[in-house]
Amino acid sequence: MSLRRRSEELFAEALRHTPGGVNSPVRAFRAVGGQPFFVQSARGSRLTDVDGNELIDYVLTWGPAILGHAHPRVIEAVQAAAARGTSFGIPNPAEVELAALVKSWVPGIDKVRFCNSGTEACMSAIRLARGFTRRDRILKFDGCYHGHADSLLVKAGSGALTLGQPDSAGVPADVAKHTLVLPFNDPDALVALFEQHGPHLAAVILELVPANAGLYLPRPGYLELLRELTRAHGTVLIADEVMTGFRLGRAGAQGHFGLQPDLTTFGKVIGGGLPVGAFGGRAEIMDHLAPLGPVYQAGTLSGNPLAMAAGLATLRELESTDAFARLEHVGARLESGMKAVAAAHAVPMQFQRIGSMFCGYFTDRPVWSLTDALTSDRARFGTFFHAMLDQGVYLAPSQFEAGFLSTAHSDADIDQTLAAADRAFAGFH
Ligand code: HOZ
């Protein structure tokens, strides 16, 4: 009998009510085959599905659960906030507190505005950059994903890439034509593009660590070149730190690489598992937002007290513990272990990691760009994914998503994962 019978029943029912049975396409297991399972509860590093199976979770609700699921301090803070009221639509003190905390962690952010998702944050940052510069054109990089706003669903990563829809239907050509796209980590192409379009470019938006086509790092000097070119042309540099913010350290990827963007977008960790996005940056730019300036942006639930409470509790926990050292420790253990296991089985794999984010590509080619990422053997990834799932390890159901670690992942979790990978690779032969 199936070990996932209740999940199968629920999915069959979900298919009758919801397109594809899911509320976000990456959950649908389309890239790996099979069906998604349904979660009953989650605690620490583990999920329990509706059939009672326990899984070590490396998806962590796609990044937010940096402290693990249902961290007691976060739950306590949300419960206390809920008891005071779930939404006011008028300022509440927690918004001020979280904004001040964000500013104190990320140098170069003078002002911050909260919204409800990373998509909203990136969409709003683009509009703000256009309003500030009075220019229309923007530049993004293929394989980067900045949420599902029209102007950013061009050569997009994440679910769009996984499902083979990097350019979405429904985006008017007249909108998409303002979005220029380059391969990541190609300095010559960047210089050439700025020579042609520099004076017309409102913004460059990028994930400093592209993590929506798997995970690859910027080559040394690339971010510096980008900063130099954007500054020289009066183009707003937007760092999308939705995945990396408050995860790769207090100041995220920009702190790690020593880059100071003009605007930064956040999501995921900043909401501690509740729906939050934020964008912030230089006051000169941020003050173009309504009600001070002409760029309109709004939201009924923006700055929601429950979401602010969860974000504050999460950041304070990160601040008051050795969280980042702990994340680096488990990340390094996973990386060295996976490399050793792959080598022992002669499986060609590029295991890429920065801090608590990782991706294993099934290719022998070093991965620095989408083109490199696309050389990975996706059928093999599907086999690996299911072999791990069957042994109680949940990886993101796509070769083109990053994995995440939390402070709740123990050395024993990593060892159990490595033992599962060892058996999975043995099955390849
Ligand atoms: N934001 C995540 C990008 N890797 C995926 C979440 C989703 O699209 O559901």
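Above this note sits the structure.
Summarised in this report is the structure supplied together with it. None of these values were measured; they are calculated from a predicted model.

How each quantity is defined
Residues numbered from 1 in each chain as written. Predicted model: local features only at pLDDT ≥ 70, side-chain atom pairs only at ≥ 80, totals over all residues. Heavy atoms only, no water. Pairing = 2+ DSSP bridges. Helix = DSSP H or I, 4+ residues; strand = E, 2+ residues; numbered from the N terminus. Axes fitted to C-alpha atoms, helices over the stretch in contact; angles between N-to-C directions. Contact = heavy atoms within 4.5 Å. Near = heavy atom within 4 Å. Polar contact = N/O pair within 3.5 Å; in protein donor to acceptor, adjacent residues only side chain to side chain. Areas by Shrake-Rupley, 256 points an atom, 1.4 Å probe, with all protein chains shown as cover. Phe/Tyr/Trp six-rings, centres within 6.5 Å; stacked < 30°, edge-to-face > 60°. Buried < 20%, exposed > 50% of the residue type's maximum accessible area, 1.4 Å probe, protein only.

1. Quick look at the sheet that holds strand E7 (residues 201-206)
With mixed pairing, the 7 strands of this open sheet are ordered in space as E4-E10-E9-E8-E7-E5-E6. Bordering the open sheet on either side are strand E4 (111-115) and strand E6 (179-182), each of which pairs with just one other strand. The average undirected angle you get between the axes of adjacent strands in this sheet is 20°. Its contacts with the sheet put helix H8 (residues 222-233) on strand E5 (137-141), E7 and strand E8 (236-240), and the angle it makes with E7 is roughly 165°.

2. Looking at the sheet that holds strand E2 (residues 46-49)
Strand pairing in a sheet is mediated by backbone hydrogen bonds. Such pairs are either parallel or antiparallel. Pairing is mixed across the open sheet formed by 4 strands, whose spatial order is E1-E2-E3-E13. Each edge of the open sheet carries a strand with a single partner, namely strand E1 (39-43) and strand E13 (393-394). The sheet contact formed by strand E3 (residues 54-57) and E13 spans 2 bridges and is parallel. Each bridged residue has a counterpart across the sheet, and for Ile 56 the counterpart in E13 is Val 393. Across the sheet, helix H15 (residues 411-426) is in contact with E2, E3 and E13; its angle to E3 comes to roughly 100°.

3. Here's the deal with the site of the ligand
As a structural note, the neighbourhood of the ligand is formed by Ser 24, Val 26, Trp 62, Ser 158, Asn 212, Met 243, Lys 268 and Glu 401. Between the ligand and the protein, one listed contact pairs a nitrogen atom with a side-chain N or O atom of Ser 158 at 3.4 Å. Within the contact set of the ligand, a nitrogen atom lies 3.0 Å away from a side-chain nitrogen or oxygen of Lys 268. Burial of the ligand by the protein amounts to 82% of the accessible area it has alone, namely 280 Å².

4. Notes on the packing of aromatic side chains
Enumeration over the complete set of coordinates arrives at 19 aromatic pairs. Between the aromatic rings of Phe 29 and Phe 385, the centroid separation amounts to 5.2 Å while the plane-to-plane angle is 90°, which identifies the pairing as edge-to-face. One end of the pair, Phe 29, is in the loop between helix H1 (5-17) and E1; the other, Phe 385, is in helix H14 (residues 378-390), with 356 residues separating them in the sequence. Given a relative accessible area of 3%, Phe 29 falls into the buried group. Ring geometry for Phe 362 and Phe 425: centres 6.2 Å apart, planes at 85°, overall edge-to-face.

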